[in-house]
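# Analysis of the macromolecular model
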Amino acid sequence: MDGTVHVLYVHFGTGLTEERYPRLLELLADITPVVQALPPDAALADVRGALRYFGRTAPELAELVRVRALAHYAVHCTVGAAANPLLARMAAQAGPPGEVRAVPGDAAAVTAFLHPKPVAALHGVGPATARALGAYGLDTVGRVATAPPATLQRILGAAPARRLRSRAHGEDPTPVLPSAPARSAAAEHRFGRDELDADRRRRALLTLTDDLGYRMRRDAQVARALTLTVRYADRSTTTRTRALPEPTAHTPALTALAYALHDALGLQRARVRALTLRAEDLTAADLASRQLSLDPREERARRAEAAADRARRRFGSAAAHPAGTLDDVA
């Protein structure tokens, strides 16, 4: 593993808006051309080539990013600096927001940083995987790192066990790939308290898909995929993306996929702080093909949806929405 600290994980927090996000990516591009957008609120930057040019270390460049984001756009950001994206992300998430945190590149420092952390702190380890490992006493990264490979394989299977063991040792060969944010639209719901009720989370998802669907239909757009981001009480997140069967802005289709993404995470005991749903790869509706339906119920549903959209445009967004959203009054 290259021990040079050269990767920044930047999480944009308070003050971020959908309009400011591209400008913040441009701010990062003023320091390095190797910037990878991680919508809706983060980015990776490889500053290896900028270290000598600016005559600063990666943590010093991270502080420069933090100060410029605040000064130019009034956006508070948290930055992690490390030798690879995994460690940089974990450094950013390892403390209060609005700070710069770095993991030194030597093996001893990486071990000291990783081993005390709960296994759920590893990027890609969701609540279900954490519970499965915890049942065998593997509740910290250190215990996973020192567990026999055969034990991890019995619990998770061969390929997931190899990936987990590699991450537990702080290894991440993933390169930072320059990319611009894809055309997308997002909606977020923050719960007033840590939410344990799966039914209430599903109602929140219905509220989000109703909002996204209406906005896309209003703008004559359709989405090709959905991304669900779950933020937990400890500020960790899980993100999953899945393609839609066909490009659509139809709320029932969006809702069905959002429910499937949520249910696949197995969040029975998870304390959820917020849900973000993003419609990905937006395209003009008249350029997307749609399979003809022979089901009269679907056609009636689309006509009813169009009527509800007309009511919203005339009387406001609260004029019509599906039953079961969080907007319903009990």
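Quick caveat, the model's predicted, so the values are computed rather than measured.

## Describing the packing of aromatic side chains
Overall, the coordinates contain 2 aromatic pairs when judged by the stated rule. For the ring pair F12 and Y21, a centre distance of 6.1 Å and an interplane angle of 80 degrees mean the geometry is edge-to-face. What makes F12 buried here is its relative accessible area of 2%. Relative to F54, the ring of Y53 lies with its centre 5.1 Å away and its plane at 80 degrees, an arrangement referred to as edge-to-face. The side chain of R202 reaches across the aromatic face of Y259, ending 3.9 Å from its centre.

## Quick word on the sheet that holds strand β3 (residues 42–46)
In space, the 5 strands of this open sheet follow the order β2-β3-β1-β4-β5, with mixed pairing throughout. With one partner strand each, in any of the chains shown, β2 (35–38) and β5 (100–102) form the two edges of the open sheet. Within this sheet the neighbouring strands show an average axis-to-axis angle of 15 degrees, counted without direction. Two elements, strand β1 (residues 7–12) and β3, share 5 bridges in a ladder whose sense is antiparallel. Among the inter-strand pairings, V10 is bridged to a residue of β3, identified as A43. Together, β1, β2 and β3 form the strand contacts of helix α1 (residues 20–29), whose direction differs from that of β2 by roughly 160 degrees.

## Points about the packing of α1 against helix α3 (residues 58–73)
The contact between α1 and α3 brings their axes to 11 Å, and the two run at 140 degrees. Taken together, α1 and α3 sit at an angle that is classed as oblique. Relative to α3, α1 is oriented so that their crossing is right-handed. Between α1 and α3, the residues in contact are R20, R23, L24, L27 and L28 and V65, R68, A69, H72 and Y73, respectively.

So, how was this worked out
- Residues numbered from 1 in each chain as written.
- Predicted model: local features only at pLDDT ≥ 70, side-chain atom pairs only at ≥ 80, totals over all residues.
- Heavy atoms only, no water.
- Phe/Tyr/Trp six-rings, centres within 6.5 Å; stacked < 30°, edge-to-face > 60°.
- Buried < 20%, exposed > 50% of the residue type's maximum accessible area, 1.4 Å probe, protein only.
- Lys NZ or Arg CZ within 6 Å of the ring centre and 35° of its normal.
- Pairing = 2+ DSSP bridges.
- Helix = DSSP H or I, 4+ residues; strand = E, 2+ residues; numbered from the N terminus.
- Axes fitted to C-alpha atoms, helices over the stretch in contact; angles between N-to-C directions.
- Contact = heavy atoms within 4.5 Å.
- Parallel < 35°, antiparallel > 145°, perpendicular 65-115°, else oblique.
- Left-handed = near helix turned anticlockwise from the far one by under 90°.

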